[in-house]
Amino acid sequence: MSLAYQSLGKFKEAEFHYREVLRIDPNMNIVDRIMGRFIKYDKNNNNLKEMLNKIDNKELSDVSKVNLNFALGKAYEDLLDYKKSFFYLEEGNKIKDTISKYDIKSDNHLFDKLKVFFKDYVFNKNVDNNNSNKKIIFILGLPRSGSSLIEQIISSHPDVYGAGELDYLEKLIQNNIYINDILKIPNLNNESGLNLIDKISSKYFELINDFDSNHDNITDKAPQNFRWIGFIKILFPSAKIIHCVRDPKDNCLSLYKNLFDENQNWTYNKSNLFNYYKNYYELMNFWKKKIPGFIFDCKYENLITDSKVEIKKLLNFCDLSWNDDCLKFYNTKRPIKTVSVAQVRQPLYKSSISSNKNFEPFLSDLFTNLENLLR
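Residues numbered from 1 in each chain as written. Predicted model: local features only at pLDDT ≥ 70, side-chain atom pairs only at ≥ 80, totals over all residues. Heavy atoms only, no water.

K.L.:
Looking at this model, I keep getting lost on the packing of aromatic side chains. Mind explaining?
P.N.:
Centre distance and the angle of the planes are the two values used to describe a pair of aromatic rings. Applying the stated criterion across every chain yields a total of 33 aromatic pairs. Between the aromatic rings of Trp228 and Phe231, the centroid separation amounts to 6.2 Å while the plane-to-plane angle is 55 degrees, which identifies the pairing as tilted. Of the two residues, Trp228 and Phe231, both sit in the buried class. Connected via pairs of aromatic rings, a cluster forms that spans Phe117, Phe118, Tyr121, Phe123, Trp228, Phe231, Phe286 and Trp287. (Phe/Tyr/Trp six-rings, centres within 6.5 Å; stacked < 30°, edge-to-face > 60°. Buried < 20%, exposed > 50% of the residue type's maximum accessible area, 1.4 Å probe, protein only.)

K.L.:
Help me out: how do you make sense of the packing of helix H4 (residues 46–55) against helix H5 (residues 62–78) in this one?
P.N.:
How two helices sit against one another is set out by the angle between their axes and by the gap between those axes. The interhelical angle for the contact between H4 and H5, taken along N-to-C directions, is 140 degrees, at an axis separation of 10 Å. Taken together, H4 and H5 sit at an angle that is classed as oblique. For the pair H4 and H5, the sense of crossing is left-handed. Residue-level inspection shows Leu48, Met51, Leu52, Lys54 and Ile55 of H4 in contact with H5, the latter providing Leu68, Asn69, Ala71, Leu72, Ala75 and Tyr76. Tallied by class, residues from the contact of H4 with H5 come to nine nonpolar, one polar and one charged. (Axes fitted to C-alpha atoms, helices over the stretch in contact; angles between N-to-C directions. Helix = DSSP H or I, 4+ residues; strand = E, 2+ residues; numbered from the N terminus. Parallel < 35°, antiparallel > 145°, perpendicular 65-115°, else oblique. Left-handed = near helix turned anticlockwise from the far one by under 90°. Contact = heavy atoms within 4.5 Å. Nonpolar A, V, L, I, M, F, W, Y, C, P; charged D, E, K, R; others polar.)

K.L.:
Before we go on, may I ask you to explain the packing of helix H13 (residues 270–290) against helix H16 (residues 364–374) in this structure?
P.N.:
Here H13 crosses H16 at 15 degrees, and the two axes come no closer than 10 Å. In terms of axis orientation, H13 runs roughly parallel to H16. Here H13 runs over H16; the crossing is right-handed. Across from Lys270, Leu273, Phe274, Tyr277, Lys278 and Tyr281 in H13, the residues of H16 making contact are Leu366, Asn369, Leu370, Leu373 and Leu374. In the contact of H13 with H16, the residues fall into eight nonpolar, one polar and two charged.

K.L.:
So what exactly am I meant to see when it comes to the environment of Ile153 here?
P.N.:
Examined against the element boundaries, Ile153 turns out to sit in helix H8 (residues 147–155). A relative accessible area of 0% places Ile153 in the buried class. When the C-alpha positions of Ile153 and Lys312 are compared, they lie 11 Å apart, and in sequence the two are 159 residues distant. Once you skip the residues sitting within four places of it in the chain, Ile153 turns out to touch Leu303, Ile311, Cys326 and Phe329.

K.L.:
Sorry if this is basic, but what is going on with the environment of Tyr276 here?
P.N.:
Relative to the helices and strands, Tyr276 resides in helix H13. On the basis of relative accessible area, Tyr276 is assigned to the buried category, the value being 1%. Along the primary structure Tyr276 and Asp365 are separated by 89 residues, whereas in three dimensions their C-alpha atoms are 15 Å apart. Residues contacting Tyr276, with those up to four places away along its chain left out, are Tyr102, Asp107, Phe111, Leu142, Gln224, Phe226, Arg227 and Trp266.

K.L.:
Sorry, what's going on with the pattern of salt bridges here?
P.N.:
Pairing between side chains of opposite charge can happen when their charged atoms approach one another. Per the stated rule, a full pass over the model turns up 19 salt bridges. Note that Lys270 is salt-bridged to Glu90, the shortest N-O span being 3.1 Å. With Lys270 in helix H13 and Glu90 in helix H6 (residues 82–100), this pair connects stretches of sequence that are 180 residues apart. The partly exposed category is assigned to Lys270, whose relative accessible area is 29%. For the salt bridge of Asp120 with Lys119, the shortest nitrogen-to-oxygen distance reads 3.9 Å. In this structure Asp120 comes out as exposed when scored by relative accessible area, which is 61%. (Salt bridge = Lys/Arg side-chain N within 4 Å of Asp/Glu carboxyl O.)

K.L.:
I'm lost on the pairing of strand E6 (residues 240–245) in this one. Help?
P.N.:
On a regular strand, each side chain points to the face opposite its neighbour's, so the side chains alternate between the two faces of the sheet. For E6, a buried count of five out of six residues is recorded, marking the element as mostly surrounded by other parts of the structure. Bridge analysis of strand E1 (residues 135–141) against E6 gives five bridges, and the strand direction is parallel. Within the sheet, the bridge partner assigned to Ile139 lies in E6 and is Ile242. (Pairing = 2+ DSSP bridges.)

K.L.:
Could you clarify how one ought to interpret the sheet that holds E6 in this entry?
P.N.:
Strands in a sheet are paired, the pairing made by backbone hydrogen bonds, and the direction either parallel or antiparallel. Strand order in this open sheet of five strands is E2-E5-E1-E6-E7, and the pairing throughout is parallel. One side of each edge strand has no neighbouring strand; the edge strands of this open sheet are strand E2 (160–162) and strand E7 (295–299). This sheet shows a mean twist of 25 degrees between the axes of neighbouring strands, independent of strand direction. Packed onto the sheet, helix H15 (residues 307–317) meets E6 and E7 and runs at close to 165 degrees relative to E7.

K.L.:
Would you mind showing me how to read unusual backbone geometry here?
P.N.:
Only a minority of non-glycine residues have a phi that is not negative, and only a minority of peptide bonds are not trans. One non-glycine residue with positive phi stands out, namely Arg144, at about 65 degrees. Along the chain, Arg144 turns up in the loop between E1 and H8. Overall, the relative accessible area of 14% leaves Arg144 in the buried class. We note that Ser354 has phi near 60 degrees; this positive angle belongs to a residue other than glycine. If you trace the backbone, Ser354 turns up in the loop between H15 and H16.

See the structure below:
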């Protein structure tokens, strides 16, 4: 009930049911963390006091410790006590990193393999296999780069259906182009390769068409699809790709502050976080040179400071006419199930820009590495 109300932006109802969960089971610490997504803490908040009592329990499981540490990190950030906030965030990340056992070699191999394969690939031989009347708008980039906000803006247009964070493309690639968990890209220009392309694209549109929507455009907002841009160009040549770009320091800080599903295990260790950002940065530069004009960079900071101009550019790239509802995206009633559930329910605000300065004393090595990478 709590998650359902939260996804609909009904935060009072969500909080009521979350507190009922904690009344029944005070040790359901995931609730402490998730509730913090829309609660603004002050020093008299009872939930904060309860969390501080709970975290002193020596019998807490590692999972509970992770949830409470991330929750307390958010609470003390609200209180502007950044030193304490980082203390809890770092503790939560250390425990989660130990649990997750992230395989850095596997990701490095994937990024290298993609660049090697697509280096000499010729895209202009592609035939659009779109057997659906839907046009796909892929919204991608690193998590916490503004993708939920951009989808909320675009899906406020009457000609667009916001499908949310879909795993369709990821699973289709894993099921058809992976062998024993290793990417094995076949020859995509011979008969069997062309048949494979048709199979994957047809299955994707079959899944998309399951949405009960008569809109001409549909968004697929899975940030990590940035890895598959080459495949998107082959499978869906008429698709639109919006690349969400955010200040690297703010982006990496936001990643370090949040707990994700198991696909983001690289976020819990500062060294792994930088390594992944470097891989992402280099791969995106590779795609832009390889497929010029196919990717639209939407910069989070520009969207915040000059919203109408940037939204017009965004809609123009997607071949959509101007609509005032896109400026009032926060009124859109569609369900939202991402970490940004609270942020995209309110008008644009500037407090998230340069938020890294609050944590600069604690993340100086990471920030220095990011500065050197972008030089």
